[in-house]
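One letter stands for each residue in the lines below.
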Amino acid sequence: MSKASIVREWTRPDGSKCVGGSEDNAKAPPGSLMLYNSLLDEKVPFVPASGPGSKSLSWYTCGPTVYDVSHMGHARNYVTFDIIRRVLEDYFGYNILYVMNVTDVDDKIIIRARRNYLLAKYKEGKHTDAEVKAFAEKAVQNSFAKQRAKLAEAEALVVAAKEEQEAAAADKKGVLQRQLNELEGAIKHEAHKLSQIQTALRALGQAGDSATIYAVASDFVAEELDREQGKSVTDSSIFRAHAAKYEAEFTQDMDSLGVRRPDVLTRVSEYMDEIVDYVKKIVDNGMAYKSNGSVYFDTTNFRACGHNYGKLKPWAVGSSALAAEGESNFETSEKRSNTDFALWKASKPGEPFWESPWGQGRPGWHIECSAMASTLIGSRMDIHTGGDDLRFPHHDNELAQAEAFYYNEGCHQWVNYFLHSGHLEIEGLKMSKSLKNFITIREALKSFSARQLRLLFVLQSWNKSMVYGEASRAEMKAREAQLKNFFQNIEVAVRGVDEITSCAKWQAEERDLSQKLQAVQNQVHEHLLDNLNTAAVMDTLSELIKSTNIYLSKKRESASAAAPAQPFLLRKVASYVTRMLSMFGIVDASWDKPGFADAAGGAGDAKGAGYLDAFAAFRDEVRSLARTKADPKETMTACDRVRDVALVKLGVRLEDRPDCKAIWKLDDPAVIKAEQQERAKTASAARSFIHGGVQSTEY
């Protein structure tokens, strides 16, 4: 069957069939939750496998391959699905069994651990700077030749794909166009890698000492060492220690970002018996075969048994250029078909191994997830998630393996809803370790708070690519400032109000704000039903905030004791906004204590003492000025100093008002200082401009 003729199909949990592109796919009772399902690439009604009224869900998410540090591309995936999980659990009330794997046995881990070990040993050797440079130049030149060949191959594939797409019948052009688009994207990636190697070559030419050479070319040196000496690395503890190190760092990073821990964590190394048994059953079911100590999945026989292969990305089947990074040994004489893939890999020198009926070896890339998820969840799963780059081959192969394993049970759809998070792009390219264009999570947290990064993702569609650029970061900062100012304004408005004696009668303004709140609550619900549209929710909350600010402004202008701002209503609005932000994980606050917890929390003993010290010092200064009958300007200067220095250190923002009644707000001291510096910079630039203009008139 050609990839152009594959029909996208999906079976609803109730057993009814859906075909891609049909208008009937979106039909659902009013009030149904709709999710973008990658099995059709359409929004479809969400129904639990256990029935429409059930609140029990099973969810498996692909966890990290722990071979290196986690970057913002990983944050995009795991924070995004943490937000979705929170909405399903905390808003819609589902009880979820959330399973995440950790891939601690994999080609990437083996190669990286081996290379790091060999590079460290090489650095310990007694090599002159000239010897190190000569070896590095050879390594970079070899990488350049290999990468240039890969780019040429990708360009040839694009030419062929264009010809095929132009010659195809009208009903085939759509799927072929998607293939062409992805192949053109692959060219950009391969060209970027080649450009990086060329940059390294130029820098290497200027390098003289070993330290500079390693700074430029250590990755290339490690790769060359691995090619020459990799087979000599036989200590399995090297691989275990490497994976354990980066698993620990990943867990710390997720905790720093506020990502909820999974209910079940599965490591490949701890499920080896289950994986071997899983492979054996697929072989027994006639959909896998042994070849030179390895075991391969038989995609031809899988199709002959009535199954579709490549459900998630049919246009990528058979294309090595469109296989996700890490699909090694794609072309080999051991396979009957180029679309077959390894379930079990025969042991090679320089690799860890386990015993099996086929000899010593280790699992293929994909079998781990099918085996571990089946062990815990079974033959029918509600939700499976992962990054969009895992669609093919990883997730497509997972589906095929599970259907082959459960063949005698008649399984044709192991996962009901496949959700894929969109890529995080930087400078027009997917953020990726292989492209060396990534920003680690720890680096990002030096510039932004965990709350800001989560807000960054909440403001984007979860299933679409997003750009990690200045525009998205500016929007995030603006929204945070809006939220912070909103909670501060409400806190100021209700502070000191005697709710027993003050007038509680609602006027037209209160009725309008209350109606706005009710409308927003309905709109937010509709947005969440529509594919968990968090960006639209945030826009709707922004409108509520604007309406509340207008209400407060009117109340300040009227300053009528007969029609004051109503604290109960204001708290209700603030509590609702807090509830939504808490559901997204943006704030960690109870609904009856609205606001940003870190900015509006109460002062402890130490901070309370700081406030008293600042007040006492200011009082002493004012008294001293009074005794000496100082110029009133000095008293005003003292007032400005306590506002701009002492209180800022305590995180207090003191704002002067035209009526000479100042108000205070709590905020991060660093934020207030940064604003002061920005104002000073702007004022200095204005003075320089004026001064320059005056000078120019003198000539």
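Residues numbered from 1 in each chain as written. Predicted model: local features only at pLDDT ≥ 70, side-chain atom pairs only at ≥ 80, totals over all residues. Heavy atoms only, no water.

Draft legend 1. Layout of the overall build of the protein. Each helix and strand in the protein was counted, giving 20 helices and 18 strands. Projected onto the principal axes, the alpha-carbon positions of the protein cover approximately 95 × 70 × 55 Å. Counting every position in the protein, which comprises 699 residues, the buried fraction comes to 48%. In the protein, the share of contacts with a sequence separation of at least 24, taken over all contacts with a separation of at least 6, comes to 75%. Across the protein, the mean location of the 90 positive side-chain charges is 3 Å away from that of the 95 negative side-chain charges. (Helix = DSSP H or I, 4+ residues; strand = E, 2+ residues; numbered from the N terminus. Buried < 20%, exposed > 50% of the residue type's maximum accessible area, 1.4 Å probe, protein only. Contact = heavy atoms within 4.5 Å. Lys, Arg positive; Asp, Glu negative; His and termini not counted. Charge placed at Lys NZ, Arg CZ, Asp CG, Glu CD.)

Draft legend 2. Region of the structure containing the pattern of salt bridges. Per the stated rule, a full pass over the model turns up 47 salt bridges. As a salt-bridge pair, Arg 260 and Asp 90 come within 2.6 Å of each other at their nearest N and O atoms. With Arg 260 in the loop between helix H6 (236-256) and strand S7 (264-267) and Asp 90 in helix H1 (residues 72-91), this pair connects stretches of sequence that are 170 residues apart. Through salt bridges with shared partners, a single network forms among Arg 85, Glu 89, Asp 90, Arg 260 and Asp 263. (Salt bridge = Lys/Arg side-chain N within 4 Å of Asp/Glu carboxyl O.)

Draft legend 3. Main features of the sheet that holds strand S13 (residues 415-421). Across the sheet, which stays open at both edges, the 5 strands sit in the order S7-S6-S5-S12-S13 with parallel pairing between neighbours. Every other strand in the sheet has two partners, leaving S7 and S13 as the edge strands with one partner each. Taking the axes of each pair of neighbouring strands and ignoring which way they run, one obtains an average angle of 20° across the sheet. Where strand S6 (residues 95-102) lies against S7, 4 bridges are found, and the strand directions are parallel. Bridging from a neighbouring strand, Asn 101 pairs with Thr 266 of S7. (Pairing = 2+ DSSP bridges. Axes fitted to C-alpha atoms, helices over the stretch in contact; angles between N-to-C directions.)

Draft legend 4. Broad picture of the state of the cysteines. Per the counting criterion, the structure on display carries 0 disulfides. Not part of a disulfide, Cys 18 finds its nearest cysteine sulfur in Cys 411, a span of 17 Å. With relative accessibility at 5%, the residue Cys 18 sits in the buried group. Summary of cysteine pairing: Cys 305 is not part of a disulfide, and the nearest cysteine sulfur, belonging to Cys 411, is at 13 Å. (Disulfide = S-S within 2.5 Å.)

Draft legend 5. Looking closely at the confidence of the model for the protein. On average, residues of the protein score 90 in pLDDT, and 94% of them are at 70 or above. This model gives residues 325-330 a pLDDT under 50, and the stretch forms 23 contacts once residues within four places in sequence are excluded. Counting interchain partners and residues more than four positions distant, the pLDDT-below-50 stretch residues 599-605 has 6 contacts. (pLDDT = per-residue confidence, 0-100.)

Draft legend 6. A look at the packing of helix H4 (residues 173-206) against helix H5 (residues 210-229). Running from N to C, H4 and H5 point in directions that differ by 140°, and their axes come no closer than 9 Å. One finds that H4 runs oblique with respect to H5. Classified by chirality, the crossing of H5 by H4 is left-handed. Contact residues: Ile 197, Ala 200, Ala 203 and Leu 204 in H4; Ile 213, Val 216, Ala 217 and Phe 220 in H5. (Parallel < 35°, antiparallel > 145°, perpendicular 65-115°, else oblique. Left-handed = near helix turned anticlockwise from the far one by under 90°.)

Draft legend 7. Summary view of helix H2 (residues 107-124). Taking 1.5 Å of rise per residue, the 18 residues of H2 would be expected to cover 26 Å, and the 26 Å separating its terminal C-alpha atoms lies within 8% of that figure. All of the buried residues along H2 are Asp 107, Ile 109, Ile 110, Ala 113, Arg 114, Leu 118, Leu 119 and Tyr 122. On its buried side, H2 packs onto helix H3 (129-167), H5, H6, strand S10 (341-346) and strand S11 (361-363). The N-terminus of H2 is capped by Asp 106, whose side-chain oxygen sits 2.8 Å from the backbone nitrogen of Lys 108. (Expected span 1.5 Å × (residues − 1). Polar contact = N/O pair within 3.5 Å; in protein donor to acceptor, adjacent residues only side chain to side chain.)

Draft legend 8. Structural view of the packing of aromatic side chains. Summed over all chains, the structure comprises 16 aromatic pairs. Judged by centre distance (6.2 Å) and plane angle (20°), the ring pair of Tyr 309 and Phe 341 falls under stacked. Of this pair, Tyr 309 sits in the loop between helix H8 (299-304) and S10 while Phe 341 sits in strand S10, and the two are 32 residues apart along the sequence. Under the relative-accessibility criterion, Tyr 309 is labelled buried at 3%. Among the aromatic residues, ring-to-ring pairing joins Trp 10, Phe 46, Tyr 94 and Tyr 417 into one connected group. Directly above the ring of Tyr 94 sits Lys 55, whose terminal nitrogen or CZ lies 4.5 Å from the centroid. One cation-aromatic arrangement involves Arg 495 over Trp 664; the distance from NZ or CZ to the ring centre is 3.1 Å. (Phe/Tyr/Trp six-rings, centres within 6.5 Å; stacked < 30°, edge-to-face > 60°. Lys NZ or Arg CZ within 6 Å of the ring centre and 35° of its normal.)

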